[in-house]
Amino acid sequence: MTGKTAFETRYGFPRNEVLLSNWRVNPFNRWSFQNLGELVPTARVAAASGGAEAPARDFGVLLGEKVSVASAPETVADFLVRSSTDALTVMKGGKVIGDWFAPHMDFGARHIIFSISKSVTAIIAGILEGEGVFDPEAPVTTYIPEATGSAYGDASCRHVLDMSVSLDFEEAYLDPESAFARYRRATLWNPGGGTESLREFILTLQRLAEPHGQTFRYRSPNSDLLGLLLERASGQRFPDLMREKLWLPLGAVSEASIGVDMEGTARTAGGISVTPRDLARVGEMMRQGGTANGRRIVSETWVRDTTSTGGSTEAWQRGAMLPLFPKGRYRNKWYQTGHENGAYCGIGIHGQWLYIDPRTEVVISKMSSQPEPVDDSLDLEIVAFFEALSRMI
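Residues numbered from 1 in each chain as written. Predicted model: local features only at pLDDT ≥ 70, side-chain atom pairs only at ≥ 80, totals over all residues. Heavy atoms only, no water.

Looking at an unreviewed UniProt entry, one finds the chain named 6-aminohexanoate hydrolase and attributed to Rhizobium loti.

Draft legend 1. Representation of the pairing of strand S14 (residues 352–357) in the model. Across the six residues that make up S14, a large majority, six, are buried. Judged by which residues are buried, S14 turns out to be covered on both faces: Gln352, Leu354 and Ile356 on one side and Trp353, Tyr355 and Asp357 on the other are all buried. Taking the residues between adjacent antiparallel strands as the criterion, strand S13 (residues 344–348) and S14 are bridged by three residues, where His350 takes a positive phi near 60°. Pairing between S14 and strand S15 (residues 362–368): five bridges, direction antiparallel. Following the sheet pairing, Tyr355 is matched in S15 by Ile364. If you look at the hairpin formed by S14 and S15, you'll find four residues sitting between the two strands, and Glu361 has a positive phi there, around 60°. (Buried < 20%, exposed > 50% of the residue type's maximum accessible area, 1.4 Å probe, protein only. Helix = DSSP H or I, 4+ residues; strand = E, 2+ residues; numbered from the N terminus. Pairing = 2+ DSSP bridges.)

Draft legend 2. Structural detail: empty space enclosed by the protein. All chains considered together, the criterion is met by two cavities of 30 Å³ or more. By volume, the largest cavity is sized at about 70 Å³. Lining the largest cavity are Phe114, Ser115, Lys118, Tyr173, Phe180, Arg184, Trp189, Ser220, Arg267, Ala269, Gly270 and Ile349. Counted by class, the lining of the largest cavity contains six nonpolar, three polar and three charged residues. One number sums up the size of the second largest cavity: a volume of about 40 Å³. Lining the second largest cavity we find Glu53, Phe101, Phe107, Gly108, Ser254, Thr275, Pro276 and Arg277. (1 Å grid on protein atoms, 1.4 Å probe; cavity = no way out; pocket = protein on both sides within 12 Å on 5 of 7 lines; lining within 4 Å. Points joined across faces, edges and corners; volume = space filled by probe spheres on them. Nonpolar A, V, L, I, M, F, W, Y, C, P; charged D, E, K, R; others polar.)

Draft legend 3. Summary view of helix H7 (residues 179–186). By the burial criterion, the buried members of H7 are Phe180, Ala181, Tyr183, Arg184 and Ala186. Each element contacted by the buried residues of H7 is listed here: helix H8 (198–202) and helix H9 (221–234). Just downstream of H7 lies Leu188, where phi reads positive at about 70°. (Contact = heavy atoms within 4.5 Å.)

Draft legend 4. Molecular detail of the sheet that holds strand S4 (residues 85–92). Across the sheet, which stays open at both edges, the seven strands sit in the order S5-S4-S15-S14-S13-S12-S11 with antiparallel pairing between neighbours. With one partner strand each, in any of the chains shown, strand S5 (95–101) and strand S11 (329–331) form the two edges of the open sheet. Pairs of neighbouring strands in the sheet enclose a mean axial angle of 20°, with direction left out of account. Where S4 and S15 come together, seven bridges link them in antiparallel fashion. Residue Lys92 lies in a different strand from S15, and its bridge partner there is Val362. Across the sheet, helix H11 (residues 276–287) touches S4, S5, strand S12 (334–336), S13, S14 and S15, and the angle it forms with S15 is around 145°. Of the strands in this sheet, S11, S12 and S13 touch helix H12 (residues 300–309), which is tilted by about 50° from S12. (Axes fitted to C-alpha atoms, helices over the stretch in contact; angles between N-to-C directions.)

Draft legend 5. View of the packing of helix H4 (residues 116–130) against helix H10 (residues 238–250). H10 packs onto H4 with a crossing angle of 70° between their chain directions and a minimal axis gap of 10 Å. Considering their axes alone, H4 and H10 lie roughly perpendicular with respect to each other. Note on packing geometry: the crossing formed by H4 with H10 is left-handed. In this structure, H4 uses Val120, Thr121, Ile123, Ile124, Ile127 and Leu128 to contact H10, whose residues at the interface are Phe238, Leu241, Met242, Lys245 and Leu246. (Parallel < 35°, antiparallel > 145°, perpendicular 65-115°, else oblique. Left-handed = near helix turned anticlockwise from the far one by under 90°.)

Okay, here's the thing in structure tokens:
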């Protein structure tokens with residue numbers, strides 16, 4: 001009788017059961033979210049050579065503290081398990097307070113951050129804007145002339161950045177026959193890809209009758225288009241842009257990666273994988289107004305506009321995510337909570353979060369393998385958990 005392999009003992013299933021058709025499905029996502037490159041093509045984003053991550057820091061007694069985010073109080077550790085957390089890193093005042101990892105994830109491992117990739121990409125847009133290379137108010141066709149005739153033919157880069165393109169497309173995560181499934185095939189994330197590139201797919205999308213700019217519509221192809229816009233504006237591939245403009249100046253310790261399609265186009269809407277510590281460093285840079293290690297990375301004006309002053313309240317009020325942040329706004333691919341503490345965040349499906357509380361100087365990166373892509377009630381609990389944790393530290 002053959003015993004279990006070490007892999008199966010750790011993850012609960014053999015490696016050969018993880019397929020392109022099921023990699024986002026629980027329980028397989030506990031492994032696949034840390035190993036995107038074994039399932040889809042990825043490009044490297046190297047960190048500076050010679051960097052070494054400081055050892056993990058234990059949260060200690062904090063894990064036993066009680067929080068009340070649901071019907072009954074529970075410990076911090078219990079909530080992390082209940083919310084399918086794979087890793088949590090918390091910083092306060094620029095210093096790491098603690099790291100927590102599920103048994104199936106190692107300290108220093110990379111994890112896909114899904115739509116926080118959008119927030120990272122928009123930082124690079126801000127950097128290029130500061131260099132005079134990219135104009136957020138320019139028409140999309142300034143950089144991508146072949147967008148004429150698509151939904152983006154009369155849209156501006158600002159509409160793309162703020163998810164206010166009047167786009168006839170639905171984020172139907174679980175419908176295998178939808179346009180969204182075709183989109184995922186174009187990204188090589190689902191079986192059957194390789195016949196239509198991501199760029200080709202995006203430029204077939206059409207618009208709704210409503211004018212652009214009126215309604216917040218969360219549509220991921222906008223953010224892949226943003227990556228194309230930045231490549232066209234700069235003349236550089238996105239992985240090179242990310243390394244040169246963000247990853248090296250940030251002082252990221254570990255290599256990142258990003259999924260690419262059949263043409264090598266980066267999946268800037270959701271394909272970036274990073275370590276929890278490096279994701280927290282991105283949040284700390286934003287908290288510091290666009291600086292890291294005493295170095296200016298993106299302008300303070302861009303950060304302030306992104307995190308507090310910019311964005312349309314009216315467009316957000318008309319959008320579908322109003323229950324999450326009733327007083328919120330969306331600007332440059334970041335969410336403003338509208339809460340009294342002025343918190344803002346990046347969010348990805350299956351429970352990826354980068355949360356910044358400027359009042360308490362706390363930054364939280366949370367990586368997860370939640371069974372459902374979207375869980376609205378759990379999202380509300382997670383925000384309440386972050387607020388409670390920020391006050392406790």
